[in-house]
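# Chains, contacts and geometry: an overview
Given next are the chains, with one letter for each unit.
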Amino acid sequence: TGVSDLPRSAPGRAAPISFRWQAETPAPRDYTVFVHLLDASGRRVAQADATPHWYGPLPTSQWPAGQTMLDAHTLTLPADLAPGVYDVVVGWYYWETQERLALLGPDGLPAGDGAVVARLEVGATAGHRPDLACALITEACASQ
């Protein structure tokens, strides 16, 4: 997509982001989601780490296999964040050890520990474009 089609926010504002997850099998423990905002050089400029939640906590050890789970997070952008396009990266870790779960590639082999799931345009003002939640889950869209 072109930059003009990206979800948009502004420095110092909150950028809501929502996910749909589906567990193939029950999780052996409760995992934490990390959401990172990375600049063009790969430097983390904002982050949100939390237990999955949608109107309340959703511990991963309690997810039924095969059921879709909704999960909402908010990235708070630094007030001094430079305008530009940023990558939104998501992944999982076990909070007690900080060990991240491996992301598996199409070949089934480990391919890192986080995935770029969206791009966010940061400008001087947010304008009236859809928020990041709209880009991933339309029913979670607060701006419609």
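Each remark here, short or long, concerns the structure printed above.
Scope of this entry: the structure provided in the associated data block. (Residues numbered from 1 in each chain as written. Predicted model: local features only at pLDDT ≥ 70, side-chain atom pairs only at ≥ 80, totals over all residues. Heavy atoms only, no water.)

The next thing to look at is the overall build of the chain. Each helix and strand in the chain was counted, giving one helix and eight strands. Element order for the chain, N to C, with α for helix and β for strand: β-β-β-β-β-β-β-β-α. The buried share among the 144 residues of the chain stands at 38%. Considering only contacts within the chain whose residues lie at least 6 apart along the sequence, 71% involve residues at least 24 apart. A total accessible area of about 8200 Å² is found for the chain, and carbon and sulfur atoms account for 52% of it. (Helix = DSSP H or I, 4+ residues; strand = E, 2+ residues; numbered from the N terminus. Buried < 20%, exposed > 50% of the residue type's maximum accessible area, 1.4 Å probe, protein only. Contact = heavy atoms within 4.5 Å. Areas by Shrake-Rupley, 256 points an atom, 1.4 Å probe, with all protein chains shown as cover.)

Scanning the model with the defined rule gives six aromatic pairs in all. Seen from their ring centres, Trp54 and Tyr55 are 5.7 Å apart, and the 90° between their planes marks the pair as edge-to-face. Overall, Tyr55 belongs to the exposed group, its relative accessible area being 81%. One aromatic cluster is present, formed by Phe19, Trp21, Trp63 and Trp92 through successive ring pairs. (Phe/Tyr/Trp six-rings, centres within 6.5 Å; stacked < 30°, edge-to-face > 60°.)

Volume-wise, the largest pocket comes out at about 710 Å³. Along its surface, the largest pocket is lined by 22 residues, and Trp21, Gln22, Trp92, Leu101 and Ala102 are the ones closest to its centre. Listed by contribution, the elements that provide at least two residues to the lining of the largest pocket are β2 (14-22), β6 (84-94) and β8 (115-122). (1 Å grid on protein atoms, 1.4 Å probe; cavity = no way out; pocket = protein on both sides within 12 Å on 5 of 7 lines; lining within 4 Å. Points joined across faces, edges and corners; volume = space filled by probe spheres on them.)

Here we take up the nonpolar core. Val35 and Leu37 are the most contacted members of the largest nonpolar core, which has 26 residues in total. A per-element tally of this core places β6 first, with five residues. Among residues more than four places away in sequence, those in contact with Leu37 are Arg43, Arg44, Val45, Ala46, Leu75, Leu77, Leu81, Tyr86, Asp87, Val88 and Leu120. (Core = buried A, V, L, I, M, F, W, Y, C linked by side-chain atoms within 4.5 Å.)

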